[in-house]
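A structural walkthrough
What follows is each chain in one-letter form.
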Amino acid sequence: MELKNKKLTETEFLEQREKVLKDWPTGSDPALDLSVAIDYLKQVPEHKNFDYKLRQAKAEGITMIQPRAGVPVLEDHIRLLRYLEESGADFLPSTIDSYTRQNRYSEAEKGMLESQKIKRSLLNGFPAVNHGVGSCRQVFESVNLPVQARHGTPDARLLAEITHAAGWTSNEGGAISYNIPYAKSVPLEASLSHWMYCDRLVGFYEEHGIHINREQFGPLTGTLVPPAISNAVAIIEALLAAEQGVKSITVGYGMGGNIVQDIAAIQSLHSQTEAYLHKYGYKDCNVSTVFHQWMGGFPEDESKAMGLIAMSSTVAALSKTTKMITKTTHESFGIPTMEANGQGIKASKYIINLLKDQTFPDSERLLRERAQIENEVDSLLKAVFAVGNGDLVQGVIKAFEQGLIDIPFAPSRYNMGKIMPARDNEGYIRILEFGNLAFTEDIKAFHRDKIAQRAKFENRPISFQLTVDDVYSVGKGRMVGRPGNRKA
Amino acid sequence: MELKNKKLTETEFLEQREKVLKDWPTGSDPALDLSVAIDYLKQVPEHKNFDYKLRQAKAEGITMIQPRAGVPVLEDHIRLLRYLEESGADFLPSTIDSYTRQNRYSEAEKGMLESQKIKRSLLNGFPAVNHGVGSCRQVFESVNLPVQARHGTPDARLLAEITHAAGWTSNEGGAISYNIPYAKSVPLEASLSHWMYCDRLVGFYEEHGIHINREQFGPLTGTLVPPAISNAVAIIEALLAAEQGVKSITVGYGMGGNIVQDIAAIQSLHSQTEAYLHKYGYKDCNVSTVFHQWMGGFPEDESKAMGLIAMSSTVAALSKTTKMITKTTHESFGIPTMEANGQGIKASKYIINLLKDQTFPDSERLLRERAQIENEVDSLLKAVFAVGNGDLVQGVIKAFEQGLIDIPFAPSRYNMGKIMPARDNEGYIRILEFGNLAFTEDIKAFHRDKIAQRAKFENRPISFQLTVDDVYSVGKGRMVGRPGNRKA
Amino acid sequence: MKSIVIGVIGADVHAVGNKIIEFTLTNAGYNVVNIGVLSSQEDFINAAIETDAKLILVSSLYGHGEIDCRGMRDKCIEAGIGDVLLYVGGNIVVGKQDFNEVRERFLAMGFNRVYPPGTSIDLALKDIKEDLGD
Amino acid sequence: MKSIVIGVIGADVHAVGNKIIEFTLTNAGYNVVNIGVLSSQEDFINAAIETDAKLILVSSLYGHGEIDCRGMRDKCIEAGIGDVLLYVGGNIVVGKQDFNEVRERFLAMGFNRVYPPGTSIDLALKDIKEDLGD
Ligand code: B12
Ligand code: B12
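Along each chain, residues carry numbers from 1 onward, in the same order as the chain's sequence is written. For this description, chains carry letters from A and ligands carry numbers from 1, given in the order in which they are written. Given that the model is predicted, a residue must reach a pLDDT of at least 70 before its local features are reported, and side-chain atom pairs must reach 80 or more before they are shown or counted; all residues, however, enter totals for whole chains, interfaces and linings. Calculated side-chain values reflect all of the structure's heavy atoms, with hydrogen atoms and water omitted.

Next up on the list: the interface of chain C and chain B. Note on definitions: a residue-residue contact is assigned when non-hydrogen atoms from the two residues lie within 4.5 Å. At the interface, 31 residues of chain C touch 32 residues of chain B. Interface area, chain C with chain B, both sides summed: about 2700 Å², of which 59% is carbon and sulfur. Every case where a carboxyl oxygen of Asp or Glu lies within 4 Å of a side-chain nitrogen of Lys or Arg is listed as a salt bridge. Between the two partners, chain C and chain B, sit three salt bridges. When the shortest N-O distance is used, the salt bridge between B:Arg120 and C:Glu66 registers 3.2 Å. Polar contacts, as counted here, are pairs of nitrogen or oxygen atoms within 3.5 Å of one another; within protein the pair requires one atom able to donate a hydrogen and one able to accept it, and residues that are adjacent in sequence qualify only if both atoms are side-chain atoms. At the boundary of chain C and chain B, one finds eleven residue pairs in polar contact (both at pLDDT 80 or more). Working definition: helices are DSSP H or I runs of at least four residues, strands are E runs of at least two. Numbering for both runs from the N terminus. Elements supplying a minimum of two residues to the side of chain C that touches chain B: helix H1 (16–27), helix H3 (65–69) and helix H6 (121–132) of chain C. Tallying contributions element by element places H1(C) first for the side of chain C that touches chain B, with five residues. In this classification, the charged set is Asp, Glu, Lys and Arg, the nonpolar set is Ala, Val, Leu, Ile, Met, Phe, Trp, Tyr, Cys and Pro, and all remaining amino acids, among them Gly, are polar. Split by residue class, the side of chain C that touches chain B holds 14 nonpolar, ten polar and seven charged. As a working definition, buried area equals the accessible area (1.4 Å probe) given up by two parts on being put together, with both sides summed.

Next comes the structure, spelled out in structure tokens:
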């Protein structure tokens, strides 16, 4: 039967669930009995509930802060999260290791045990499935903030089951955003089905009076993603989640680097997500946005990295995004130490608080860019619905097949990979090569024109070299990758 | 005879000069013979000339970077400047110690000798007068960038003589900006006369084909100075300098913290300075602006301090100021180490370069604030010229006497000290208590209204407590000093 | 009302903290005698004698505090107020130094209390109350 | 044209550097055989055998490089290409470690050249030219 964008019935959900829990021994924990889990989640106090705290932030118009962090050994992970809490985080993460993300639980087990033994992290995150509900609860009970799993897992069903049952009231991911940038050969149909399950699980809890947040991974490949593409993906994932009964939805965006474009992107992300949800009949969702500090290659020098973190925070603060994900001065080297992570939080939060009472003024340029992004998003979404004959799930599968949506630099073979982005002369991310991207001719002409202006300014032909230079540029200290800066 | 704003004749200048050079033994160095000095300055290559490099920056529309730095011992000072050059500074400073600033050369001598002996800096800067032309040339010849004296000296005549003769092609200061915030009992008439001399010296060199830059000290007390007041002072000092034949003029501004207000302030500072110079007949001056990173109390935490530095740089970059003065993460403790200073430069320059191709868009709010500042500046300058019967020097003396211009938190007894600034609800610096400030009733009503909005929002009476809270606020992580944040 | 002499010593012109200290101590019920910035040891001592103050609160922000404060206790003794309390605070030395050493240096000079950078006056109020009695 | 096998090892999906390496080495005149992300040791070795490549350029960005690269030299020997050159680069271990130690660990595993984080492929081109001859 063809997969459709339709809420799983409770029977379908529970049947699938039985199988999911058998994937790894920790799935048979009695704490995963849904009524036990519901009882546990009912006792989560408001200040440790993601949805509650996001609503509060939105009401007060302030921006919350969350780092990324996860280490394999339980005690170390708890110590890490406590430290980040003290450093000023508003929400806590648990970044999951890469084996778990690929459901390679036995390799994760090996890495976890060896890390415990040699007292050096051999995994790049916290293997929550291997740890099981008990340990995850221990994490949750050791801190005073809401906890969320952050990963990049095409099939996160067991991970979602275990972490939600342990009191973690948010899960990051989505059928597209946790597949296309994070996998090579997982069909979209599979990740759509698996994330339908994850969303349905949250919908199930919602039906039982428990509010769990679902956050979408906005930055995708983190590398020169034109805002319309990531916003379109975000809106699609919001619609998919809403269909399964999710009520608390966070849509994400990774900083592009041009301040006007970034602020326009966050603003339209918020308003278009709400508008589309409304249009398709989901009228009672609580939508919030998350802004990711610069997600591409970082500069090596720690002072410069801190500069970039603070600059990102300035933009986020002015955009009035609900939440911001922070980076660290170790970004270009490897997983940060606890201390480096804390410093990133402190600098970021300082700036967010400082700029609390300020917004970015409306201007012609801002409004024009917002209209541009919204027009592009509409163009993409129209194509998706059209090719799916009105069904969003089929639309997504076919749109990616045909390259109507195309994500730059993605490893997945289910992504066409023909699009090439590049910056224009003011650093806005535009498109150099469209492949089959579902843009109207007008939109394409706009992009071509902008790229041509830059090429002319730089006195060189329009080619992939622009893209390559732009990939390196921020690491080297420029936004636009000018030819002269190549050897910086 | 009453001091007037009139170019000193060459005879007047040279007569005064004889006395100035007798102030301290280093004044009798033969290198201070004007023809010797001219020969030396003629050999300064373009890339080490302040004026040349500023013109270049303006032509390319980029922002240059300069730190503050100075230590008493010559070798250490040279090592320091070289390090800052390597760290990416575009211009080099030599911050002068506080005894020299008060012309207390024998105390400076004591501090210098003792610092040499115990190998620990007992002075807060480089005592250039005590070192003399020879050592100052050594400083200049040891680096590859233009060098400037930065101080806070009401009577900087000998200092200017020695440093210019040593190839330092810029001098910071002004009759108001280096008196009112830096002295308690130096009459304005004295500092006006002494800075007339400093400007005339530069004018003299200019007549001999040597371009020396004069930079005005914009931030004044660095503490909640309303932009119109500092801009008015900057314009006055530009006019005074131009009268004495200075052609390369840099006007300054210290970041206030509201981004829109800061950008409006830099933009109007530039355009109004040019307009006033033009209006009063000085048509061939090269005007540039300098933006000072946050000049008030800094946060203690070094990550937060770095955040503030990068945020300041973001604003500076978007404002397209010609130059920016950097701070360091040690700001709240004491004179920074070489390394801390280098880190401040790196983070700052990184952001400036990153945002090179971006500007802050024109918006209604920006244009309104610009118009507001310009209107206020006009109101102040009109009063100054009026009370001086058309003479700027007499106008300045009387305007300060009567409090028509009044600088908050200034130590000088020649400043009325009745004005009290405070932030409005969005963090713009406004005025709570005007004293005799020469603002029209319309302008005053605007400020009162803005402050009232804030007080209402905070549900407390309008009082000096607002000002006090705002003095602490940035150090504590807020822009507006809300009552709740007092114990942060 | 008990009198306290405040001021900023030496060639130091940092006036902001000084104005805030005046405001805070006045609010706390003291008779504040503010001799302002650029004040010499003699200025402080004369003011204390004139107003019968038992506490002199010296601020030094600009880094020359060490030079400026030397011999102040001796001068107090000479002037006949050898038992006056001397506090010092602000940014009293050049640069970021180990504060334990700095404190020792100033205690050795005869200061009764020595405060590290960033100690706002509110924090010192407790000590003042204790030392002056209520 | 000399062949070079490139790819990203293990469960690692960092695709950006890989695409840039392909672009750069192709521009430099090599026949680049790109096996992409999420590649196993076997994938690398098979590609090298098929295309007679004398150099395998392993990228590892995500931190598990140490686990993923173990035993690769032995597998090469087993497969009959024991003398193939093995380079590794990217962010090959978890966190910011002393790179001299890290290099030793990878040299001991049989890698010929080991690059620290931030070594862009342009910098390695010289080594490649030297090792493969012109
Ligand atoms: C963009 C990015 C992502 C994107 C990747 C999108 C995609 N599919 O490509 C997303 C967001 C999806 C992502 C995910 C993850 N990432 Co990531 N990511 C980055 C980031 C910011 C930039 C990488 C990049 O594209 N750089 C630009 C390219 C051009 O440079 P490059 O990749 O370094 O490659 C160049 C050189 O390294 C060199 N090179 C590479 N290989 C070789 C080999 C040889 C022999 C030589 C000579 C040279 C060489 O040449 C290349 C071209 O010049 C880096 C940090 C950084 N560098 O700033 C982290 C980073 C690599 N990621 C990291 C991690 C941990 C992850 C995640 C596990 C967890 C997470 N944080 O979400 C997941 C991993 C998922 C998985 N299974 O692999 C860590 C790795 C930690 C470590 N080694 O200790 C890093 C270092 C960030 C950090 N400090 O924590 N990431
Ligand atoms: C604003 C400022 C200026 C303004 C001052 C305007 C004015 N006339 O007041 C200007 C720009 C003119 C200036 C000039 C200079 N400054 Co300045 N300045 C500052 C800055 C940024 C803030 C000071 C301030 O107003 N803070 C807010 C008030 C409320 O706090 P406060 O002054 O610290 O006072 C509070 C506490 O310290 C405490 N306190 C103070 N005294 C005492 C005493 C006791 C007993 C107790 C218990 C508590 C206490 O209570 C006060 C109220 O809460 C500081 C660095 C910082 N703190 O971030 C540097 C700083 C004080 N300046 C410094 C220097 C070196 C100078 C200059 C020599 C050179 C220069 N950089 O240009 C000149 C000095 C001129 C002179 N002759 O004094 C250095 C001192 C270095 C050192 N000690 O090693 C500092 C620390 C900056 C730095 N890191 O280099 N400065």
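So, about the coordination of the cobalt atom of ligand 1. Counted as donors are the N, O and S atoms within 2.8 Å of the metal, or 3.2 Å for Na, K and Ca, while water is not among the atoms, so some sites may look incomplete. Just one protein atom coordinates the cobalt atom of ligand 1, and that atom is D:His14 (NE2), at 2.2 Å. In this structure, D:His14 sits in the loop between strand E1 (3–8) and helix H1 (16–27).

What follows deals with the domain arrangement of chain A. Residues and elements named next belong to chain A. Looking at the assigned domains, one finds that chain A contains domain 1 (12–355) and domain 2 (418–488). Domain 1 puts 18 residues into the contact, and the matching count from domain 2 is 17 residues. Summing both partners gives a buried area of about 1300 Å² for domain 1 against domain 2, and 71% of it is carried by carbon and sulfur. Sorting the residues of domain 1 by area buried against domain 2 places Leu224, Asn258 and Gln261 first, and these three jointly supply 43% of that buried surface. Scanning the region where domain 1 abuts domain 2 turns up zero salt bridges. Put simply, domain 1 and domain 2 have three residue pairs in polar contact (both at pLDDT 80 or more) between them. Here the side of domain 1 that touches domain 2 is composed, by residue class, of twelve nonpolar, six polar and no charged. Per the annotation, domain bounds derive from an automatic or database assignment of domains.

Another point: the pattern of salt bridges. Tallying each qualifying case throughout the model produces 75 salt bridges over all chains. Here A:Arg454 makes a salt bridge to A:Asp470, at a shortest N to O gap of 2.7 Å. Here A:Asp470 lies in helix H17 (residues 464–476) and A:Arg454 lies in helix H16 (residues 441–458), a separation of 16 residues in the sequence. Among the residues examined, A:Arg454 registers a relative accessible area of 0% and is labelled buried. Through salt bridges with shared partners, a single network forms among A:Asp357, B:Arg454, B:Glu458, B:Arg460, B:Asp469, B:Asp470 and B:Arg482. Burial status follows relative accessibility: with a 1.4 Å probe on protein chains alone, a residue under 20% of its type maximum counts as buried, one over 50% as exposed, and anything between as partly exposed.

The subject of this paragraph is the state of the cysteines. Residue and element names in this part refer to chain B. We call a pair of cysteine sulfur atoms a disulfide when they lie within 2.5 Å. Throughout the structure, instances matching the rule amount to zero disulfides over all chains. Of all cysteine sulfurs in the structure, the one in Cys198 sits closest to Cys285, which takes part in no disulfide; the separation is 17 Å. The class for Cys285 is buried, based on a relative accessible area of 19%.

Attention now moves to the relation of the copies chain B and chain A. Fitting of the copies onto one another was done by least squares over C-alpha atoms, counting residues only where both copies have pLDDT of at least 70. When chain B is fitted onto chain A, the two copies agree to an RMSD of 0.0 Å after a turn of 180° and an axial shift of 0.0 Å. The superposition of one copy onto the other is thereby described by a two-fold rotation axis. Closest approach to the rotation axis within chain B is made by the C-alpha atom of B:Ser363, at a distance of 2.2 Å.

Looking now at the sheet that holds strand E6 (residues 248–254) of chain B. Residue and element names in this part refer to chain B. For two strands to be treated as a pair, DSSP must find no fewer than two bridges joining them. Strand order in the open sheet made by the eight strands is E1-E8-E7-E6-E5-E4-E3-E2, with parallel pairing throughout. Where the open sheet ends on each side, the last strands, each with one partner, are strand E1 (64–66) and strand E2 (92–95). The mean angle between the axes of side-by-side strands here comes to 25°, regardless of whether they run parallel or antiparallel. Sheet analysis places strand E4 (residues 170–172) next to strand E5 (residues 213–215), joined by three bridges and oriented parallel. Bridge pairing in E5 places Asn171 opposite Arg214. Only C-alpha atoms enter the line fits that serve as axes; for helices the fit covers just the stretch in contact. Angles between N-to-C directions range over 0 to 180 degrees. The strands touched by helix H11 (residues 259–279) are E6 and strand E7 (286–292); relative to E7, the strand with the most contacts, the crossing angle is about 155°.

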